[in-house]
Amino acid sequence: MRSRIVSIRGLTLAVLAVVALGLIVLVPMALRAAGLAASFYAKTLCSGVFVSAREAEPVVTGDILPKLRGLPRLFSHAIEQDPPLARAAFLGVVRRAALYRPGLGCTLLPEGGVAALLEQSPGLPEGERLPPPAIGLQEAPASNSTHDPELLSARISAAFDTPQGSHERRTRAIVVMHKGGIVAERYAEGITPATPLIGWSMGKTVVNALAGMLVHKGRLSLEETSLFPQWSRPGDARAAITPAHLLRMTDGLDFGGERDAVFSPARRMLFETGDAATVALSATPASAPGSQWRYASGPTILLCALAARRAGGGPALLSLVHRELFAPLGMTSAVIEPDAAGTPLGAAFVYASARDWARLGQLFLQDGVWQGNRLLPEGWVAFSHEGTPQSGKHYGAHLWRSTPDFLRPAGSHDVGLPQDRMLMLGIDGQLVAIIPSRDLVIVRLGMSTRRSTFDPDTFLAGILDAFPPAR
């Protein structure tokens, strides 16, 4: 009997030990996941209210809760005006907040809180901030546009509809530019032509333009090496990485499973550390530079960090971008939001109105020239569109040549789009399509959180049906 009691007691202790070990492992992971979710909540709410000038509740119900399926009742939030910030809490325990600064958008608060961010930069200087968003484009509507307006209107309406029995499509804005002028546009309730909306990974093409601008000014060379002091130790393979490698995502660095892992490097850089560049700089080589292609946000963060170094810091870089890229294009709504260390998070956090996204697309359509002034180097657009062999030529230089499977509904197929297309793409159905052979720029912004609800290629094919090719 005594041995049985001892055995049961030993088994009980073993079970308790396993449970305790499980709690030791699982509780920190759960708290970390809650922190990521609360950071996403606070940052998205802050940008929605203070950058996009939307009411809080539509931002929560339309932008945040669809991403936090099954968890809405576990969160609470608050908006404050002085200083302007948004707070989010998970079960009242895990708390995060994001601060709004004029011209810089929203940034998650670091350990030093509001004071640390305001000391770094209270916002872009008043003289360098663009005026309030304008409704009209600088170009006059194209009078020589040849298209079928009724068919175009029907295709745009269909893109706003949700098929019966499907999940919500949540299209928010569509703008179609033909021959330099808007020929059609439509907006969802609560969204206007001046409303800045997030582009997610479309921001990578903004960083492409930023890099091109620095190359044009002689501040950056595509083939230079030894980009960062952290990579300068003897034998460090990362010293051979060039800006061209980063733009084509053939840098060879290991950024892990960006799209699948809960604690992916991308989520860590955007919502957890407050210093995305340090995370990106710590990535280790997985292959030799130029040998393989891996799509990730890390190379974009590194380009932003490099550009900030060349410009004299993150705020200085953002001032430069506003003065010499956004202002000439008339992109009065555009904002690139930085992290707490000051690095612009161009990999994901670029907000702009649909019309302003169209302006950026038009710049690429016009080979980097705007109103007679060259903003991007000669040949830059051709370089950006040139297929990266390691990607199967589906990807150029921070610019897509075709829609990847992970952004299309399962089972979708090729619909025969023009081969010269250039695509800016982001999750949830963000799209800017540049089609030089049709003189078209097509913008679609939305919150299609399920891939099955929006197929970029089918949408583009439908729009193109209204624009017969030139004979």
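As the structure is a computational prediction, the values presented were derived from the model and not from experiment. (Residues numbered from 1 in each chain as written. Predicted model: local features only at pLDDT ≥ 70, side-chain atom pairs only at ≥ 80, totals over all residues. Heavy atoms only, no water.)

Draft legend 1. Examining the overall build of the protein chain more closely. Looking only at helices and strands, the protein chain features 13 helices and 14 strands. Across the 471 residues that make up the protein chain, the buried fraction comes to 54%. In the protein chain, the proportion of contacts linking residues at least 24 apart, taken out of those at least 6 apart, comes to 66%. Total accessible area on the protein chain stands at roughly 20300 Å², and carbon and sulfur atoms take up 55% of it. (Helix = DSSP H or I, 4+ residues; strand = E, 2+ residues; numbered from the N terminus. Buried < 20%, exposed > 50% of the residue type's maximum accessible area, 1.4 Å probe, protein only. Contact = heavy atoms within 4.5 Å. Areas by Shrake-Rupley, 256 points an atom, 1.4 Å probe, with all protein chains shown as cover.)

Draft legend 2. Region of the structure containing the state of the cysteines. Evaluation of the coordinates by the stated rule reveals one disulfide. A sulfur-sulfur distance of 2.1 Å marks the disulfide that ties Cys46 to Cys106. Negative torsions about the S-S bond denote left-handed disulfides, and the value of about -75 degrees found for Cys46 with Cys106 makes this one left-handed. Of this pair, Cys46 sits in helix H1 (residues 2-51) while Cys106 sits in strand E4 (residues 105-108), and the two are 60 residues apart along the sequence. Residue Cys46 is classed as buried on the basis of its relative accessible area, which comes to 0%. For Cys106, a relative accessible area of 1% corresponds to the buried category. (Disulfide = S-S within 2.5 Å.)

Draft legend 3. Spatial organisation of the sheet that holds strand E7 (residues 197-198). Read across the open sheet, the three strands follow the order E7-E9-E8; overall the sheet is antiparallel. Looking at which strands have only one partner, the edges of the open sheet turn out to be E7 and strand E8 (335-336). (Pairing = 2+ DSSP bridges.)

Draft legend 4. Highlighting a nonpolar patch on the surface. Taken together, the side chains of Leu74, Leu91 and Val93 make up a nonpolar region of the molecular surface, amounting to roughly 280 Å² of accessible area. Mapped onto the fold, Leu91 is located in the loop between strand E2 (84-90) and strand E3 (94-101). (Patch = residues over 30% accessible without salt bridge, like charges linked within 9 Å, V, L, I, M, F, W, Y side chains within 5 Å. Salt bridge = Lys/Arg side-chain N within 4 Å of Asp/Glu carboxyl O.)

Draft legend 5. Structural detail: the sheet that holds strand E14 (residues 440-446). Taken in spatial order, the five strands make up an open sheet running E6-E5-E14-E13-E12, and their pairing is antiparallel. Lying at the two open borders of the sheet, with one neighbouring strand each, are strand E6 (181-187) and strand E12 (422-426). The sheet shows a mean angle of 5 degrees between the axes of neighbouring strands, direction not considered. Seen against the sheet, helix H11 (residues 354-365) touches strand E5 (171-178), E6, E12, strand E13 (430-435) and E14 and runs at an angle of roughly 145 degrees to E14. (Axes fitted to C-alpha atoms, helices over the stretch in contact; angles between N-to-C directions.)

Draft legend 6. View of the packing of helix H9 (residues 298-311) against helix H10 (residues 314-329). Between H9 and H10, whose axes approach to 8 Å, the crossing angle comes to 90 degrees. Classified by the interaxial angle, the pair formed by H9 and H10 is roughly perpendicular. When H9 is examined against H10, the residues Cys304, Ala307, Ala308 and Ala311 are found in contact with a partner set consisting of Gly314, Ala316 and Leu317. When grouped by side-chain class, the residues that make up the contact of H9 with H10 number six nonpolar, one polar and no charged. (Parallel < 35°, antiparallel > 145°, perpendicular 65-115°, else oblique. Nonpolar A, V, L, I, M, F, W, Y, C, P; charged D, E, K, R; others polar.)

Draft legend 7. Main features of the packing of aromatic side chains. Evaluated as defined, the whole model comprises 17 aromatic pairs. Both rings, one in Phe271 and one in Phe349, keep their centres 5.6 Å apart while their planes meet at 65 degrees; by these two values the pair is edge-to-face. Of this pair, Phe271 sits in helix H7 (residues 265-271) while Phe349 is found in the loop between E8 and strand E9 (350-352), placing the two residues 78 residues apart along the sequence. Note on Phe271: relative accessible area 10%, which makes it buried. (Phe/Tyr/Trp six-rings, centres within 6.5 Å; stacked < 30°, edge-to-face > 60°.)

Draft legend 8. Local environment of the nonpolar core. Formed by 114 residues in total, the largest nonpolar core has its most connected members in Leu45, Leu302, Trp357, Leu360, Phe364, Met424 and Val443. If you tally residues by element for this core, the top one is H1, at twelve residues. Ignoring sequence-local partners within four residues, the contact set of Met424 consists of Met202, Thr205, Trp357, Leu360, Gly361, Phe364, Leu399, Gln430, Leu431, Val432 and Ile434. Met249, Leu431, Ile442 and Phe467 belong to the second-largest nonpolar core, a separate cluster that totals 28 residues. (Core = buried A, V, L, I, M, F, W, Y, C linked by side-chain atoms within 4.5 Å.)

Draft legend 9. How the structure looks around the packing of helix H5 (residues 203-216) against H9. Running from N to C, H5 and H9 point in directions that differ by 35 degrees, and their axes come no closer than 10 Å. The element H5 and its partner H9 pack so that their crossing is left-handed. Residues Lys204, Val207, Leu210 and Leu214 of H5 touch H9, and the partners they reach there are Thr300, Leu303, Cys304 and Ala307. (Left-handed = near helix turned anticlockwise from the far one by under 90°.)

Draft legend 10. Seen up close, the pairing of E12. Extensive coverage of E12 is indicated by the burial of five of its five residues. Covered by surrounding structure in E12 are Met422, Met424 and Gly426 together with Leu423 and Leu425, the residues of both alternating faces. Between E12 and E13, which pair antiparallel and follow one another directly, the connecting turn spans three residues, one of which, Asp428, has a positive phi of 65 degrees.

Draft legend 11. Quick look at the pairing of E2. Of all the seven residues making up E2, five are buried; the element is thus mostly covered by neighbouring parts of the structure. Here E2 runs beside E3; their pairing, made up of six bridges, is antiparallel. Paired with Leu85 across the two strands is Leu99, which belongs to E3. Between E2 and E3, which pair antiparallel one after the other, the connecting turn spans three residues, and Leu91 there sits at a positive phi close to 55 degrees.

Draft legend 12. Structural detail: the environment of Val215. Looking at the secondary structure, you find Val215 in helix H5. Overall, Val215 belongs to the partly exposed group, its relative accessible area being 22%. For Val215 and Pro377, which are 162 residues apart along the polypeptide, the C-alpha to C-alpha distance reads 7.1 Å. When neighbours within four sequence positions are excluded, Val215 is seen to be in contact with Leu220, Leu222, Pro377 and Trp380.

Draft legend 13. Spatial organisation of the confidence of the model for the protein chain. For the protein chain, per-residue confidence averages 89 on the pLDDT scale, and 87% of positions sit at 70 or higher. Across residues 1-6, where pLDDT falls below 50, the model places zero contacts with residues more than four positions away in sequence or in other chains. Confidence drops under pLDDT 50 across residues 8-23; counting only partners more than four residues distant or on other chains, this segment forms two contacts. (pLDDT = per-residue confidence, 0-100.)

Draft legend 14. Broad picture of unusual backbone geometry. Here the residue pair Asp82 and Pro83 is connected by a cis peptide bond, since its omega of 0 degrees sits within 30 degrees of zero. Structurally, the position occupied by Pro83 is in the loop between strand E1 (75-81) and E2. Located in the positive-phi region is Ala53, a residue other than glycine, with phi close to 60 degrees. Relative to the assigned elements, Ala53 resides in the loop between H1 and helix H2 (56-64). Under the relative-accessibility criterion, Ala53 is labelled exposed at 66%. Here Lys179, not a glycine, exhibits a phi torsion of approximately 55 degrees, which is positive. According to the relative accessible area criterion, Lys179 is partly exposed, its value standing at 33%.

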